[in-house]
Amino acid sequence: ESANELKLMLENSFKFANVCEHQKLKEDPEYKPDFFEIDSEEDIKRYLFQYLPKKCAENYAKLHNLNLVHVYSHDGNVTLAGSIVDLDSVKGKSLFEDDAEITSKDKSKDVDNFLENIKQTFFEILAKQPSLGDEKEIDEFCLNFYQEYLNKIPLEGDLITNIVKIYDRIRYSKDLAATNLLNELLDIV
């Protein structure tokens, strides 16, 4: 996408995000809103690599907290506002009695599929618009996603057990953002 194509794609998402941020401020005067201007390259970067991953993670956490997964989790099933779409491939016993119980492994696979696809999409965008950044920004997206996701899901068992589960997923993915997150979590413990 050229810079103008990307701006056209993001314009409605910025409007939506700004309305949501304004509403949160109305509800809580202490809230610090995060507004975006479409003509600001800094705002585009901030939206794509900080705000958007948190919205995606929020929605994946909501889905997973209902013991549901999106069987075909990829970037095409998430809007630029971070909403999950194409819900006909959502599965889980809490939705359909005939579906299998959703496990932590299913949820992990759901997240991994989404992030692998979104990384590829960002590589393509950054190849066409190098001024937006490089691999570091893609790692930032993943890190922001993981942090928000982990904040929104209940930890099952004790913290150490969950860190070990995360580590098992990370050590095979070679995902720098996830590895950095793991190191941060281990520092907390």
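Structural data are supplied above this passage.
Note that the coordinates shown come from a computational prediction; the quantities given were computed from them, not determined experimentally. (Residues numbered from 1 in each chain as written. Predicted model: local features only at pLDDT ≥ 70, side-chain atom pairs only at ≥ 80, totals over all residues. Heavy atoms only, no water.)

*Asks:* I would appreciate a short explanation of the nonpolar core in the present structure.
*Replies:* Tyr47, Leu48, Phe114, Leu115, Phe141, Phe145 and Tyr149 are the most contacted members of the largest nonpolar core, which totals 37 residues. With eleven residues, helix 2 (residues 41-65) is the single largest residue contributor to this core. Discounting chain neighbours no more than four positions away, the residues touching Tyr47 are Leu10, Ser13, Phe14, Ala17, Phe36, Leu52, Pro53, Leu80 and Ala81. (Core = buried A, V, L, I, M, F, W, Y, C linked by side-chain atoms within 4.5 Å. Buried < 20%, exposed > 50% of the residue type's maximum accessible area, 1.4 Å probe, protein only. Helix = DSSP H or I, 4+ residues; strand = E, 2+ residues; numbered from the N terminus. Contact = heavy atoms within 4.5 Å.)

*Asks:* What is the right way to read the pattern of salt bridges from this model?
*Replies:* Where charged atoms from two side chains of opposite charge approach closely, those side chains can pair. Under the definition given, this model contains eight salt bridges. Between Lys7 and Asp39 there is a salt bridge whose closest N-O contact spans 3.6 Å. Residue Lys7 is found in helix 1 (residues 3-27), and its partner Asp39 is found in the loop between helix 1 and helix 2; the two are separated by 32 residues along the sequence. Exposure remark for Lys7: the relative accessible area of 25% places this residue in the partly exposed category. Judged by relative accessible area, which is 67%, Asp39 ranks as exposed. Among the ionic pairs, Lys24 bridges to Glu21, the shortest N-O distance being 3.7 Å. (Salt bridge = Lys/Arg side-chain N within 4 Å of Asp/Glu carboxyl O.)

*Asks:* Where do I start with the packing of helix 1 against helix 2 in this structure?
*Replies:* If you want to describe how two helices pack, look at the angle between their axes and the distance between the axes. As a packed pair, helix 1 and helix 2 sit with axes 11 Å apart at the nearest point and diverge in direction by 60 degrees. Considering their axes alone, helix 1 and helix 2 lie oblique with respect to each other. Here helix 1 and helix 2 pass one another in a crossing that is left-handed. Together, Leu6, Lys7, Leu10, Ser13, Phe14, Ala17, Glu21 and Lys24 of helix 1 and Asp43, Ile44, Tyr47, Leu48, Tyr51 and Lys55 of helix 2 make up the contact between the two elements. (Axes fitted to C-alpha atoms, helices over the stretch in contact; angles between N-to-C directions. Parallel < 35°, antiparallel > 145°, perpendicular 65-115°, else oblique. Left-handed = near helix turned anticlockwise from the far one by under 90°.)

*Asks:* Explanation requested: the side chain of Asn18 in the structure shown.
*Replies:* As for its placement among the helices and strands, Asn18 is situated in helix 1. A polar side-chain atom of Asn18 sits 2.8 Å from the main-chain amide nitrogen of Phe36. Those residues in contact with Asn18 that sit more than four places away from it in its chain are Asp34, Phe35 and Phe36. (Polar contact = N/O pair within 3.5 Å; in protein donor to acceptor, adjacent residues only side chain to side chain.)

*Asks:* Is there a simple way to think about unusual backbone geometry in this case?
*Replies:* What is expected of a backbone is that most residues other than glycine have negative phi and most peptide bonds are trans. Its identity is not glycine, yet Asn67 carries a phi of approximately 60 degrees, on the positive side. Along the chain, the position of Asn67 falls in the loop between helix 2 and strand 1 (69-70). In this structure Asn67 comes out as partly exposed when scored by relative accessible area, which is 33%. Unlike most non-glycine residues, Asp86 shows phi in positive territory, near 60 degrees. Within the secondary structure, Asp86 is located in the loop between strand 1 and strand 2 (90-91).

*Asks:* For this particular structure, what's the right way to read the packing of aromatic side chains?
*Replies:* Describing an aromatic ring pair means giving the distance of the ring centres and the angle of the ring planes. One pass over the structure, following the stated rule, counts 13 aromatic pairs. Here the aromatic rings of Tyr60 and Phe114 are separated by 5.0 Å at their centres, their planes lie at 35 degrees, and the arrangement is tilted. Taken together, the positions of Tyr60 in helix 2 and Phe114 in helix 3 (residues 104-128) put the pair 54 residues apart, joining distant regions of the chain. Of the residues examined, Tyr60 reaches a relative accessible area of 0% and is grouped as buried. When the ring of Phe145 is compared with that of Tyr146, the centres are 6.4 Å apart and the planes differ by 80 degrees; the resulting orientation is edge-to-face. Overall, Phe145 belongs to the buried group, its relative accessible area being 0%. Judged by its relative accessible area of 6%, Tyr146 falls in the buried class. Aromatic rings pair up to connect Phe49, Tyr60, Phe114, Phe122, Phe141, Phe145, Tyr146 and Tyr149 into one cluster. (Phe/Tyr/Trp six-rings, centres within 6.5 Å; stacked < 30°, edge-to-face > 60°.)

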